[in-house]
Amino acid sequence: MNRIVLLLLVFLAAGCSRSETPRAAHVILVGCDAMGAYGVQRAETPTLNYLIEHGAVSMNTRCVRPTSSSQNWMSMVSGALPLHHGVTDNDWRRDNITIEPCLGNRLGLFPTIFDHIREQRPEASVYAFFEWTGQGRMYDLSVADSVVTGLPDEQLMRAAFDAFFNDKPDFLFVSVNEPDHAGHAYGHESEEYYHTITRLDAVIGELVARLDAEGMTDNTVLIVTADHGMAELSPDRYINLLPLLDTAQVVRVVPGTPFGLEVKEEYADQAVRTLR
């Protein structure tokens, strides 16, 4: 089963009576693509361990299926399932919709937390930083006050955290991709994958330390999550294509779920017959 890890650190402002409902002044949501619960448990993660000890954690939260990024990010920021928001896979585009969203914002997209904050608290400031530029296709980002995309993971995170401490937005959304890249390149039980989680844990640690130094810990909710996890396939589920296809016939491998093979046109029919 693919799983995500959800870590929640909540410190309530001192001085609230039991009859009052404490409200945080700021919410920070940090998302790390494919940072599975097993990765957090096996990697060196002193910051996440601290958040687990002092906050709330779920190590067995289920993803929506199939467990690719688009529909899981959309489900988290919208609070809806693909049946409702209409984002079904990583090939989803605004002009390639198979399920119409049951609600629509001004762009016809299913409303997200960005829309709801702007509607319910027009004076609130909303910042969005995400590494994967394609993530923005699912949201109406015109309702955000600041949007930054395309930077490498650590650079993006530090830019987001600098912006937070400079401007004090009400809601900060940060999303990075590197655990997923490392897992696909080296395997999700590889040292490279665990090292990526450890590296990002250290950057999140910088945020936690700055919150404390700035006296903002008591009025800030910090959420650290993944969109999905991954699991290594057992050897009996591997199909080795190398003995079946002449690699000279293959133009490129197209990653994704399902993945694709682009072969030279003159070999297309032969490749189809062979793989059948």
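This text goes with the structure placed above it.
Attention in this report is confined to the structure presented alongside it. These numbers come from a predicted model, not from an experiment.

1. What about the overall build of the chain?
Looking only at helices and strands, one finds nine helices and nine strands in the chain. The buried share of the chain, taken over its 276 residues, is 45%. In the chain, 68% of the contacts between residues at least 6 apart in sequence involve partners at least 24 apart. Total accessible area computed for the chain in this model is approximately 14,800 Å², and 51% of it derives from carbon and sulfur atoms.

2. Here we look at the packing of aromatic side chains
All chains considered together, the criterion is met by seven aromatic pairs. Each ring, one from Trp73 and one from Phe173, has its centre 6.1 Å from the other, and the planes form 90°; the classification is edge-to-face. With Trp73 in helix α3 (residues 69-78) and Phe173 in strand β6 (residues 171-176), the pair connects residues that are 100 residues apart, well separated along the chain. You'll find Trp73 and Phe173 in the same group, each marked buried. Look at Tyr193 and Tyr194: their rings are 5.8 Å apart centre to centre, the planes differ by 55°, and that puts the pair in the tilted class. Aromatic ring contacts, followed pair by pair, group Trp73, Phe114, Tyr139, Phe171 and Phe173 into a single cluster.

3. Observations regarding the environment of Ala43
On the secondary structure map, Ala43 appears in the loop between α1 (37-42) and α2 (46-54). Expressed as a C-alpha distance, the spacing of Ala43 and Asp201, which sit 158 residues apart in the sequence, is 9.5 Å. Leaving out residues up to four positions away in the same chain, Ala43 has contacts with Tyr194, Ile197 and Thr198.

4. Overview of the environment of Thr133
Its location among the elements puts Thr133 in the loop between β4 (126-130) and β5 (146-149). The exposure class of Thr133 is exposed, given its relative accessible area of 52%. Measuring from C-alpha to C-alpha, the distance between Thr133 and Thr149 comes to 5.6 Å, with 16 residues separating the pair along the chain. The residues contacting Thr133, other than those within four sequence positions of it, are Thr149 and Gly150.

5. Things to note about the nonpolar core
Within soluble globular proteins, side chains that are nonpolar generally end up buried alongside one another. In this structure, Ile28, Val30, Met35, Met157, Phe161, Leu172 and Leu222 are the most contacted members of the largest nonpolar core, which totals 35 residues. If you list the elements that add at least two residues to this core, you get β2 (26-32), α1, α2, β4, α6 (153-167), β6, α8 (191-213) and β7 (220-225). The leading source of residues in this core is α8, at nine residues. Not counting chain neighbours up to four residues away, the residues in contact with Val30 comprise Met157, Phe161, Val174, Ile204, Leu222, Ile223, Val224 and Thr225. In terms of nonpolar packing, the next biggest core, distinct from the first, is built from 22 residues, Val77, Leu109, Phe110 and Ile117 among them.

About the criteria used
- Residues numbered from 1 in each chain as written.
- Predicted model: local features only at pLDDT ≥ 70, side-chain atom pairs only at ≥ 80, totals over all residues.
- Heavy atoms only, no water.
- Helix = DSSP H or I, 4+ residues; strand = E, 2+ residues; numbered from the N terminus.
- Buried < 20%, exposed > 50% of the residue type's maximum accessible area, 1.4 Å probe, protein only.
- Contact = heavy atoms within 4.5 Å.
- Areas by Shrake-Rupley, 256 points an atom, 1.4 Å probe, with all protein chains shown as cover.
- Phe/Tyr/Trp six-rings, centres within 6.5 Å; stacked < 30°, edge-to-face > 60°.
- Core = buried A, V, L, I, M, F, W, Y, C linked by side-chain atoms within 4.5 Å.

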